[in-house]
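# Structural features, examined
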Amino acid sequence: SNNTPKGIVIEKQGIFSSGGTVTAQGGVHAAGIGSGNASEWSSVTITGGTVEAIDPVRYICNRSSGKMGYEIARAAKNAGADVILISGNATAEPPTDIKFVKVKTALEMREAVWAEFDSADAVIMAAAVSDYRVKNVAAQKIKKTYATLSLELVKNPDILKDISSSRGNSDTLIVGFCAESENLLDNAIKKIQSKGCDFIIANDISRQDIGFNSDENEVYIIEKNLGIKKLEKNTKDKISEQILEEIFE
Ligand code: C5P
């Protein structure tokens, strides 16, 4: 297609047919997905948006629905996995039959992910983490004393990047998401390289009919070796099943 970067071939039916490095990683792939045998593999899905306090009553947040992550957790459960769902603030209804860890801030989310990721076969990071948090959270409600007010922000840790670089020889598969409003595939390729994860699921947020806050999505799966596969527009539950099939292929 027109926005395919030079030299990148999007596979039409074969699924990363060359993808030796991914399948070479370990037992989870042999166990396979859809076998229906509980506890053969485990996954941690992280979703929702983080909430960063300004003072005791105000906060910085975002419009994450959490839907994509919830659907991935459901799909993994249906495929027989042990699932843990870590969620920040989200507007969608979370699944009720999945172990659910509720977090607020990016720092709390990081703690929750660190606690689980070592023992997981797959970590799927679909959260909308605030890039910044307030440097000094006010202990009391801020008064409207001055005509202008500045908040000093400091960068939050990049959870996806940190777990990807610290996993050493473990064969945990790590999947990230990327939402772009332009140059989707170029940016997604840069992102998988900078984050160091195994897959990036890329979606185009300039479109109203898919992605953010929608029930549907259309995504590209970018693999570490830069194999790319497009998943045609579908409901988020179907897209989730397909994503799991692709990463465990
Ligand atoms: O850097 P960017 O936010 O575009 O990357 C998106 C991916 O990185 C998503 O998987 C998101 O959950 C993850 N992320 C993270 N920690 C951050 C920012 C993003 O894990 N501080």
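Details of the structure are given in the entry above.
To start, this report covers the structure provided alongside it. (Residues numbered from 1 in each chain as written. Predicted model: local features only at pLDDT ≥ 70, side-chain atom pairs only at ≥ 80, totals over all residues. Heavy atoms only, no water.)

This part is about the site of the ligand. By nearness alone, every residue bordering the ligand is listed as Met125, Ala127, Val129, Pro157, Asp158, Ile159, Leu160, Gly176, Phe177, Lys191 and Lys195. Between the ligand and the protein, one listed contact pairs a nitrogen atom with a backbone N or O atom of Pro157 at 2.8 Å. Protein contacts shield 84% of the accessible area of the ligand, which totals 440 Å² for the unbound molecule. Of all the secondary structure elements, the ones that give two or more residues to the shell around the ligand are helix 5 (159–166), strand 10 (173–180) and helix 6 (184–195). Grouping the amino acids of the shell around the ligand by side-chain chemistry returns seven nonpolar, one polar and three charged. (Near = heavy atom within 4 Å. Polar contact = N/O pair within 3.5 Å; in protein donor to acceptor, adjacent residues only side chain to side chain. Areas by Shrake-Rupley, 256 points an atom, 1.4 Å probe, with all protein chains shown as cover. Helix = DSSP H or I, 4+ residues; strand = E, 2+ residues; numbered from the N terminus. Nonpolar A, V, L, I, M, F, W, Y, C, P; charged D, E, K, R; others polar.)

Counting residues in hydrophobic clusters, the biggest one holds 29 residues, and the most contacted among them are Ile46, Ile86, Met109, Val113, Ala202 and Ile222. The leading source of residues in this core is helix 6, at five residues. Membership of the second largest hydrophobic core comes to 28 residues, among which are Leu85, Ile124, Leu231 and Ile247. (Core = buried A, V, L, I, M, F, W, Y, C linked by side-chain atoms within 4.5 Å. Buried < 20%, exposed > 50% of the residue type's maximum accessible area, 1.4 Å probe, protein only.)

Taking burial as the measure, the six residues of strand 2 (residues 42–47) include six buried ones, the bulk of the element. Burial of the side chains of strand 2 extends over both faces: Ser42, Val44 and Ile46 are buried on one face and Ser43, Thr45 and Thr47 on the other. Relative to strand 5 (residues 82–87), strand 2 is paired through six bridges, and the arrangement is parallel. Its bridge partner lying in strand 5, Ser42 is registered against Asp82. Pairing analysis gives four bridges linking strand 2 to strand 7 (residues 122–125), with the strands arranged parallel. Considered in strand 7, the bridge of Val44 is made with Val123. (Pairing = 2+ DSSP bridges.)

We now examine the side chain of Ser43. Mapped onto the fold, Ser43 is located in strand 2. Judged by its relative accessible area of 2%, Ser43 falls in the buried class. Apart from residues lying up to four places away in sequence, Ser43 is in contact with Ala76, Asp82, Val83, Ile84 and Ala122. (Contact = heavy atoms within 4.5 Å.)

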